[in-house]
Amino acid sequence: IEFRIQHLGYSWLYGRFNDFSGQFTYDQDNPDESSVTVNIDPASIDTNHAERDKHLRGDEFLHVSKYPEAKFVSTDFDDHGDGTATLKGKLTLHGVTKPVTIDVEHVGHGKDPWGGYRRGFIGTTTIALRDFGIDYDLGPASREVELTLSVEGVRQ
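Quick caveat: nothing in here was measured; it's all calculated off a predicted structure.

Basis of the calculations
Residues numbered from 1 in each chain as written. Predicted model: local features only at pLDDT ≥ 70, side-chain atom pairs only at ≥ 80, totals over all residues. Heavy atoms only, no water. Pairing = 2+ DSSP bridges. Helix = DSSP H or I, 4+ residues; strand = E, 2+ residues; numbered from the N terminus. Buried < 20%, exposed > 50% of the residue type's maximum accessible area, 1.4 Å probe, protein only. Core = buried A, V, L, I, M, F, W, Y, C linked by side-chain atoms within 4.5 Å. Contact = heavy atoms within 4.5 Å. Polar contact = N/O pair within 3.5 Å; in protein donor to acceptor, adjacent residues only side chain to side chain.

S.K.: How do you make sense of the sheet that holds strand 2 (residues 11-17) when you look at a structure like this?
M.R.: Either a parallel or an antiparallel arrangement is found when strands of a sheet pair, and the pairing is made through backbone hydrogen bonds. As summarised here, the arrangement of the 10 strands in space is 3-4-6-7-8-9-10-1-2-5, forming an open sheet in which the pairing is antiparallel. With one partner strand each, in any of the chains shown, strand 3 (20-25) and strand 5 (45-46) form the two edges of the open sheet.

S.K.: When you look at unusual backbone geometry in this model, what are you seeing that I'm missing?
M.R.: Negative phi characterises most residues that are not glycine, and trans characterises most peptide bonds. Unlike most non-glycine residues, N48 shows phi in positive territory, near 65°. Locating N48 in the fold gives a position in the loop between strand 5 and helix 1 (50-57). The class for N48 is exposed, based on a relative accessible area of 73%. Phi at H94 is positive, roughly 60°, even though this residue is not glycine.

S.K.: Explain the nonpolar core here, please?
M.R.: One broad trend across soluble globular proteins is that nonpolar side chains are buried collectively. F72 and I127 are the most contacted members of the largest nonpolar core, which totals 31 residues. Counting only elements with at least two residues in this core, the list comes to strand 1 (2-7), strand 2, strand 4 (35-40), strand 6 (70-79), strand 7 (84-93), strand 8 (96-111), strand 9 (117-128) and strand 10 (144-154). Here this core takes four residues from strand 7, the largest share from any one element. In this structure, I127 is in contact with L91, L93, V100, F132, R143, E144, V145 and L147, ignoring residues within four places of it in sequence.

S.K.: Sorry if this is basic, but what is going on with the side chain of T47 here?
M.R.: By the element assignment, T47 lies in the loop between strand 5 and helix 1. Classification of T47 as buried rests on a relative accessible area of 6%. There is a polar contact of 2.5 Å between the side chain of T47 and the side chain of D53. Among residues more than four places away in sequence, those in contact with T47 are F3, L13, Y14, G15, R52, D53 and L56.

S.K.: I tried to follow the pairing of strand 2 on my own but got confused; where do I start?
M.R.: The side chains of a regular strand alternate, first on one face of the sheet and then on the other. Sheet topology note: the strand 1/strand 2 ladder contains six bridges and is antiparallel. Across the sheet, the residue bridging to R4 is Y14, located in strand 2. With antiparallel pairing between neighbouring strands as the criterion, strand 1 and strand 2 make up a hairpin whose turn holds three residues, including L8 at a positive phi of roughly 60°. Bridge count for strand 2 against strand 5 is two bridges, and the pairing is antiparallel. Each residue of the ladder has a partner; that of F17, found in strand 5, is I45.

Honestly, that's just the spatial picture; any functional story needs more than this.
In C-alpha cells, the structure reads:
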C-alpha cells in the first residue's frame, strides 16, 4: 500500500505501509460479486525518514497508539468489462469510517511457476485527511492523499 501527498505544495512525499494483510474473492464468470478486505497496521508507515515517520505515527496524524488498526471492507464491485472496475467500500482510518471509491485495473492472471493460479489488480483512490479527523495543516496543496493498493492473490 503506497501513498503520495504534496509536501507543503513544493514536492511530492511518497511512502507506504509495510504491514498489511487481507483477502479478495474474484469469480471471472461473476465479477460483480467480488469482495475485498484489507487490514493495515498504520504504525508500519514508512517514508524513508525516521523522524518524519515518528511524527506521522503521533497524535497529530495517525495517532497509532489510540488507533492501532486501519481497515478497508468492500461493499460493491462494478466490473466495466474492459479490464477496469469500480470498487466501493468503507475505509476506517484514525478511528473514522467513511465510504471510499477505488478505481481498479485488472493487471493479469494465469498459472505461476509453482503450480498455482494467480490474479492481480491495482487500485487507486484519493482521500481527504480532514474526512478522517486528521487536520494538521500542511497547506492547501496537502489536504488530500493519493493511495495505491497493489494486490496479487493465489486461487484457493
